[in-house]
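Next come the chains, spelled out residue by residue.
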Amino acid sequence: MYYLGIDIGSASISLVLLNNRGGVLDKKYCLLKGVFDENREFIKNEIKKMFQAGESFKIAVSGSNSEKFNLPVVNEISALVQGVRHVAPNANSIMEIGGESAKCVVGLKSNNIQFAVNSNCSAGTGSFLAAQMQRLDLPLNEYSSKVAKAKNVPRIAGRCSVFAKTD
């Protein structure tokens with residue numbers, strides 16, 4: 001038995017194929033850049049490539065665009081918690097920043113998990129951060145290393161990213 005998890009967000013899609021022991025067999029990441037329908041066939045082909053004929057498998061989908069496929073949907077927070085418990089069993093909190101939303105989950109080691117989710121707006125999320133890196137002509141994959149070298153944290157408006165980007 002194989003398991004395929006699909007996360008379809010507003011800006012990207014992630015696919016992870018697991019074996020029956022929970023080991024990662026394959027994974028894919030694709031930027032959608034806000035045009036899901038134009039990427040539909042590419043996504044279907046990537047999913048088909050992950051399987052061999054005759055294999056039995058289960059599929060579940062999460063994410064803000066999970067309704068785009070006629071597949072079983074899993075709650076985003078539940079999927080996030082189970083995924084982190086699988087890959088980082090000692091973690092007690094999660095900060096997930098997507099293209100349109102951000103999630104914070106705390107208390108993974110307790111029976112009192114709490115979470116917060118922002119409204120669907122790009123302020124403070126991956127799309128906003130990617131746009132700022134582009135404005136600075138810096139590759140997005142260098143973001144973390146740049147942040148690690150920062151000597152101080154700049155003050156940025158805690159409101160709409162339209163205003164924050166001018167800060």
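Just so it is clear, the model here is predicted, and its values are computed rather than measured.

## Topic: the side chain of E46
Part 1 of the reasoning: Structurally, E46 is set in helix 1 (residues 36-49).
Part 2 of the reasoning: Of note is the side chain of E46, whose polar atom sits 3.0 Å from the side chain of K49.
Part 3 of the reasoning: Leaving out residues up to four positions away in the same chain, E46 has contacts with L15 and K28.

## So, the environment of I97
Part 1 of the reasoning: Along the chain, the position of I97 falls in strand 5 (residues 93-97).
Part 2 of the reasoning: When its relative accessible area of 42% is taken as the criterion, I97 is described as partly exposed.
Part 3 of the reasoning: Along the sequence, I97 and S127 sit 30 residues apart, while their C-alpha atoms lie 9.0 Å from each other.

## A look at the sheet that holds strand 4 (residues 57-62)
Part 1 of the reasoning: If you trace the four strands from one edge of the open sheet to the other, you get 3-2-1-4, paired in mixed fashion. This sheet does not close on itself; its edge strands, each paired only once, are strand 3 (24-31) and strand 4. The average undirected angle you get between the axes of adjacent strands in this sheet is 10°.
Part 2 of the reasoning: One ladder, built from seven bridges, connects strand 2 (residues 12-18) with strand 3; its direction is antiparallel. If you follow V16 over to strand 3, its bridge partner there is K27.

## Quick look at the nonpolar core
Part 1 of the reasoning: Ranked by size, the top nonpolar core spans 15 residues in total, and within it L4, I6, I8, I13, L15, I43 and I47 carry the most contacts.
Part 2 of the reasoning: Ranked by size, the runner-up nonpolar core spans seven residues in total, among them V81, V84, I94 and V105.

## Observations concerning the pattern of salt bridges
Part 1 of the reasoning: In this structure the tally under the stated criterion is six salt bridges.
Part 2 of the reasoning: A salt bridge links K28 to E46; the nearest nitrogen and oxygen atoms lie 3.8 Å apart. On the criterion of sequence distance, the pair formed by K28 in strand 3 and E46 in helix 1 is long-range, its members being 18 residues apart.
Part 3 of the reasoning: Judged by its relative accessible area of 27%, K28 is partly exposed.

Cut-off values and rules
Residues numbered from 1 in each chain as written. Predicted model: local features only at pLDDT ≥ 70, side-chain atom pairs only at ≥ 80, totals over all residues. Heavy atoms only, no water. Helix = DSSP H or I, 4+ residues; strand = E, 2+ residues; numbered from the N terminus. Polar contact = N/O pair within 3.5 Å; in protein donor to acceptor, adjacent residues only side chain to side chain. Contact = heavy atoms within 4.5 Å. Buried < 20%, exposed > 50% of the residue type's maximum accessible area, 1.4 Å probe, protein only. Pairing = 2+ DSSP bridges. Axes fitted to C-alpha atoms, helices over the stretch in contact; angles between N-to-C directions. Core = buried A, V, L, I, M, F, W, Y, C linked by side-chain atoms within 4.5 Å. Salt bridge = Lys/Arg side-chain N within 4 Å of Asp/Glu carboxyl O.

It is worth stressing that arrangement in space is one thing and function is another; only the former is reported here.
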